[in-house]
Amino acid sequence: MDRPARLIVLGKQGSGKGTQCVRISQHFKVPHISTGDMLRAAVKSGTPLGEKVQRTMEAGELISDEIILEMIAARLREPDAATHGFVFDGFPRTVGQADRLDAALLPASIDVVVSLEIPTAVVVARIAQRRTCASCGRVYSLAVPPELDWICDTCHGEVVQREDDSEEAVTRRLALYDAQTAPLIARYRAAGKLAAIEATGTVEEVAGRVISCLEDHLGAARSDT
Ligand code: AMP
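For clarity, every value in this text was computed on a predicted model and none was experimentally measured.

### Considering the packing of helix α8 (residues 167-181) against helix α9 (residues 183-190)
Orientation of α8 relative to α9, taken along the N-to-C sense of each, is 35°, at an axis distance of 5 Å. Residue-level contacts link Tyr177, Asp178, Ala179, Gln180 and Thr181 of α8 to Pro183, Leu184 and Ile185 of α9. Residue composition of the contact of α8 with α9, grouped by class: five nonpolar, two polar and one charged.

As structure tokens, then:
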């Protein structure tokens, strides 16, 4: 990358957003900034922030914009984000967060927003199957478990169902996505930033679509400057 790439990936829970963000981060050499991962790390290490957000997260509700924006502002001050840019995973999630992000980035702006498009019925089935390492966050499923007895292949942590992957919490999270996050798709489409990608198929198939689409968009953005 010869200049920072500022990317957002939108997609409902279970759309493969986290996995595709890892691929984007590796391919374009940009830091992967996941607000969900940052919050889960805070809960796990029992920081004051973690204590404050744990219940809300477990219920599948959203954390306040103030807390999220403070966390993002601190992360954006780290040198890797200034040099390389970022791929945001799970942020922005509300119109208020998107407004504040636009203001924080000035005079720069977001380059491309990938929207992973997938039917709700498919993600509900995927999430019911999903199991996650409580230590390192690696994702498995009932169909593709770790080699040994729900012990993580990577770090030997315990592989469990996330609290917020319970049926009740997932229903709540999907409703919140439709109400609060889906409106961002129209916003970024109107700004000419949206890349809508069909997210059914294997991880490799989706990654192929995402990366070639981003290469096109980023190439075009670079030749505009
Ligand atoms: P995720 O891993 O992105 O699904 O996030 C897990 C949980 O963290 C969400 O259900 C929210 O409780 C919280 N969270 C993550 N990102 C945000 C955000 N941008 N705004 C509000 N809450 C968030």
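From this point, the discussion proceeds with the structure in view.
### Side note on the site of the ligand
With respect to spatial proximity, 16 residues lie near the ligand, and among them Thr35, Glu61, Gly90, Gln97 and Arg173 are the closest. Note that an oxygen atom of the ligand is positioned 3.0 Å from one of the side-chain N or O atoms of Arg40. Residue Gln97 places a side-chain N or O atom 2.9 Å away from a nitrogen atom belonging to the ligand. If you tally residues by element for the shell around the ligand, the top one is helix α2 (residues 35-44), at four residues. Residues that form the shell around the ligand fall into these classes: six nonpolar, four polar and six charged.

### Quick notes on the sheet that holds strand β8 (residues 194-198)
The sheet built from five strands is open, its strands ordered β2-β3-β1-β4-β8 with parallel pairing. Either end of the sheet is taken by a strand with one partner, and the two such strands are β2 (32-34) and β8. This sheet shows a mean twist of 20° between the axes of neighbouring strands, independent of strand direction. By the bridge criterion, four bridges tie strand β1 (residues 5-10) to strand β4 (residues 112-117) in an arrangement that is parallel. Its bridge partner being in β4, Ile8 is matched across the sheet by Val113.

### Side note on empty space enclosed by the protein
With the rule as written, the count across this model stands at one cavity of 30 Å³ or more. Considering only enclosed or pocket space, the largest cavity measures out at about 70 Å³ in volume. Taken together, Val9, Leu10, Gly11, Gln13, Lys17, Gly90, Phe91, Pro92, Arg93, Tyr177 and Thr181 make up the lining of the largest cavity. Elements represented by at least two residues in the lining of the largest cavity include exactly β1 and α8. In terms of residue class, the lining of the largest cavity is built from five nonpolar, four polar and two charged.

### A short note on the state of the cysteines
All chains considered together, the criterion is met by zero disulfides. Summary of cysteine pairing: Cys21 is not part of a disulfide, and the nearest cysteine sulfur, belonging to Cys213, is at 14 Å. Between Cys155, a free cysteine, and Cys133, which holds the nearest cysteine sulfur, the sulfur-to-sulfur gap is 3.5 Å. Its relative accessible area of 31% is what places Cys155 among the partly exposed residues.

### Details of the sheet that holds strand β6 (residues 139-141)
Pairing within the open sheet is antiparallel, and its three strands lie in the order β6-β5-β7. The strands lining the two open edges of the sheet, one partner per strand, are β6 and β7 (159-160). Across two bridges, the pairing between strand β5 (residues 130-133) and β7 is antiparallel. Residue Thr132 lies in a different strand from β7, and its bridge partner there is Val160. The strands touched by helix α7 (residues 120-129) within the sheet are β5 and β6, with β5 carrying the most contacts at an inclination of about 45°.

### Concerning the pattern of salt bridges
Across all of its chains, the model carries 13 salt bridges by this definition. In this structure, Arg187 and Asp102 form a salt bridge, with 2.9 Å as the shortest nitrogen-oxygen distance. One end of the pair, Arg187, is in helix α9; the other, Asp102, is in helix α6 (residues 95-105), and 85 residues separate them in sequence. Looking at Asp102, the relative accessible area reads 31%, which means it is partly exposed. For Asp165, the salt bridge identified is with Arg130, shortest N-O distance 3.0 Å. Here the residue Asp165 occupies a position in the loop between β7 and α8, and Arg130 occupies one in strand β5, the gap between them amounting to 35 residues. As far as burial versus exposure is concerned, Asp165 and Arg130 are alike and both buried. Each of the salt bridges in this network shares a partner with another, and the network as a whole consists of Arg130, Arg162, Asp164, Asp165 and Arg173.

About the thresholds
- Residues numbered from 1 in each chain as written.
- Predicted model: local features only at pLDDT ≥ 70, side-chain atom pairs only at ≥ 80, totals over all residues.
- Heavy atoms only, no water.
- Axes fitted to C-alpha atoms, helices over the stretch in contact; angles between N-to-C directions.
- Helix = DSSP H or I, 4+ residues; strand = E, 2+ residues; numbered from the N terminus.
- Contact = heavy atoms within 4.5 Å.
- Nonpolar A, V, L, I, M, F, W, Y, C, P; charged D, E, K, R; others polar.
- Near = heavy atom within 4 Å.
- Polar contact = N/O pair within 3.5 Å; in protein donor to acceptor, adjacent residues only side chain to side chain.
- Pairing = 2+ DSSP bridges.
- 1 Å grid on protein atoms, 1.4 Å probe; cavity = no way out; pocket = protein on both sides within 12 Å on 5 of 7 lines; lining within 4 Å.
- Points joined across faces, edges and corners; volume = space filled by probe spheres on them.
- Disulfide = S-S within 2.5 Å.
- Buried < 20%, exposed > 50% of the residue type's maximum accessible area, 1.4 Å probe, protein only.
- Salt bridge = Lys/Arg side-chain N within 4 Å of Asp/Glu carboxyl O.

Geometry only, nothing functional implied.
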